[in-house]
Amino acid sequence: MKDYIVRATAAGGSIRAFAITAKNMVETARRAHDTYPVMTAALGRLLCGGAMMGVMMKGEKDLLTLQIQCGGPAKGLTVTADSQGHVKGFASEPHVDLPLNAQGKLDVGGALGLGVLSVIKDLGLKEPYVGQCELQTGEIAEDLTYYFAASEQVPSAVGLGVLVDTDASVRQAGGFILQLMPDAQDEVIDRLEQRITELASVTEMLDRGLSPEEVLQEILGDFGLEILDMIPAEFRCDCSKERVSRAIATLGRKDLESLILDGEAIEVKCQFCNTAYSFTTEDLQGILTQRMEIDG
Ligand code: ZN
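So, here is what we can say about the structure in this document. (Residues numbered from 1 in each chain as written. Predicted model: local features only at pLDDT ≥ 70, side-chain atom pairs only at ≥ 80, totals over all residues. Heavy atoms only, no water.)

1. Notes on empty space enclosed by the protein
Following the criterion strictly, the structure yields one cavity of 30 Å³ or more and no others. In this structure, the largest cavity occupies an estimated 40 Å³ of space. Lining the largest cavity we find Ala-19, Ile-20, Gly-175, Val-202, Leu-206, Leu-210, Ser-211, Pro-212 and Val-215. When residues of the lining of the largest cavity are traced back to their parent elements, those giving at least two are strand 2 (15-21), helix 6 (202-207) and helix 7 (212-220). Within the lining of the largest cavity, the residues separate by chemical class into seven nonpolar, two polar and no charged. (1 Å grid on protein atoms, 1.4 Å probe; cavity = no way out; pocket = protein on both sides within 12 Å on 5 of 7 lines; lining within 4 Å. Points joined across faces, edges and corners; volume = space filled by probe spheres on them. Helix = DSSP H or I, 4+ residues; strand = E, 2+ residues; numbered from the N terminus. Nonpolar A, V, L, I, M, F, W, Y, C, P; charged D, E, K, R; others polar.)

2. Concerning the coordination of the zinc ion
Protein-derived ligands of the zinc ion are Cys-237 (SG), Cys-239 (SG), Cys-270 (SG) and Cys-273 (SG), with the metal-ligand distances lying across 2.2 to 2.3 Å. Viewed at the metal, the four donor atoms of the zinc ion are separated by angles of 102 to 114°, and the geometry they form is tetrahedral. Expressed as a motif, the donor residue spacing for the zinc ion is C-x1-C-x30-C-x2-C. Here Cys-239, found in the loop between strand 11 (234-235) and helix 8 (241-249), pairs with Cys-270, found in the loop between strand 12 (266-269) and strand 13 (276-279); they are 31 residues apart in sequence, far enough to count as distant. Cys-270 sits in the buried class, given a relative accessible area of 10%. (Donors = N, O, S within 2.8 Å, 3.2 Å for Na, K, Ca; no water. Tetrahedral: all angles 85-135°; square planar, octahedral: opposite > 155°, others 65-115°. Buried < 20%, exposed > 50% of the residue type's maximum accessible area, 1.4 Å probe, protein only.)

3. Details of the sheet that holds strand 9 (residues 170-180)
Strands sit in the order 8-9-2-1-10 across an open sheet of five strands; the sheet is antiparallel. The sheet terminates laterally at strand 8 (156-164) and strand 10 (226-232), the two strands that pair on one side only. Across the sheet, the axes of successive neighbouring strands diverge by a mean angle of 10°, strand direction being ignored. Where strand 1 (residues 4-10) meets strand 2, seven bridges bridge the pair, whose relative direction is antiparallel. Residue Thr-9 lies in a different strand from strand 2, and its bridge partner there is Arg-16. (Pairing = 2+ DSSP bridges. Axes fitted to C-alpha atoms, helices over the stretch in contact; angles between N-to-C directions.)

4. A few points about unusual backbone geometry
At Asp-34, a residue that is not glycine, the phi angle is positive and equals roughly 50°. Positionally, Asp-34 belongs in the loop between helix 1 (23-33) and helix 2 (37-55). Located in the positive-phi region is Asn-274, a residue other than glycine, with phi close to 70°. With respect to the helices and strands, the residue Asn-274 is situated in the loop between strand 12 and strand 13. Look at Asn-274 and you get partly exposed, because its relative accessible area is 32%.

5. Concerning the packing of helix 1 against helix 2
One way to put it is that helix 1 packs onto helix 2 with a least axis distance of 9 Å and a crossing angle of 135°. With respect to each other, helix 1 and helix 2 are oriented oblique. The two elements helix 1 and helix 2 cross, and the hand of that crossing is right-handed. Contact with helix 1, carried on its side by Met-25, Val-26, Ala-29, Arg-30 and His-33, involves Thr-40, Leu-43, Gly-44, Leu-47, Cys-48 and Ala-51 of helix 2 and no other residues of that element. (Parallel < 35°, antiparallel > 145°, perpendicular 65-115°, else oblique. Left-handed = near helix turned anticlockwise from the far one by under 90°. Contact = heavy atoms within 4.5 Å.)

6. Comments concerning helix 5 (residues 186-198)
If you check helix 5, its first and last C-alpha atoms are 19 Å apart, about what 13 residues at 1.5 Å a residue would give, namely 18 Å. Of the positions making up helix 5, those classed as buried are Val-188, Leu-192 and Arg-195. Buried positions in helix 5, seen along its axis, are confined to an arc of 60° and lie on one side of it. Exposed positions of helix 5 whose direction lies more than 90 degrees from the buried face are Asp-186 and Thr-197. Those residues of helix 5 hidden inside the fold are in contact with strand 2, strand 9 and helix 7. (Expected span 1.5 Å × (residues − 1). Arc of directions from axis to C-beta.)

7. Focus on the pattern of salt bridges
Applying the stated rule across the entire model yields 18 salt bridges. Its salt-bridge partner being Arg-171, residue Asp-207 comes within 2.9 Å of it at the nearest N-O pair. One end of the pair, Asp-207, is in helix 6; the other, Arg-171, is in strand 9, with 36 residues separating them in the sequence. For the salt bridge of Arg-208 with Glu-218, the shortest nitrogen-to-oxygen distance reads 2.8 Å. Of the two residues, Arg-208 sits in the loop between helix 6 and helix 7 while Glu-218 sits in helix 7, which places them ten residues apart along the sequence. Each of Glu-27, Arg-30 and Arg-31 takes part in one network of salt bridges that share partners. (Salt bridge = Lys/Arg side-chain N within 4 Å of Asp/Glu carboxyl O.)

Encoded structure:
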């Protein structure tokens, strides 16, 4: 099954809803970064959340970055999504190994510990929008729920889940985001709150093989669910040798010169997808010459 995001409304438009299935996306990230299971789950949950938050943006070139900086062994996570279902990301420490938590689940909260979630939206304006809040549990879904309420004043419910198989590959990944619009009536709010307390975990729904439409049907079936559209989702990085050489060009001139003097080719990896780009001393000389022309 391909990865995709479903966008929907319910209760006459006073609830908006998103759901995603993202097994391939998270498996691609796992392979690119060689994440251990708890970090596959951590990065996977943030990728799922990021992909859904990405398609909430309206502009074609809008970019969303979710960044977690934390005190646990994971140290941090970064995910960037566009408004068309493309997402990329990395874990600062992909090789965190922790025992399962008291519920027998991968201990994402333990891997992250205390920390800060930053949400950066580049909407083509002069300054990007930056929202920040403290991590609540480090389990990511609760942290995004808190972010929406505290920073965007939108009451929301977020569920995210990644199931890692015994061979460490991704068996299922996905999630949902429900949001109450300002015109939601008290009766709808009460019923939805009640519904959410009865809900099975996302992991359980995914393991039953539910599609994103079926996940939303299960939650919002009694609320007049209306599926609006389906957006293909994918782990995709837009790096290139050109882009990486622009990053190298920002090195100090002395550093560049000493790399050239070493006389050896260097390899630079893209942080987001781990693709390696090789630069010969001639390449580096070219970058230095260009740089000196810019510097005058
Ligand atoms: Zn890349």
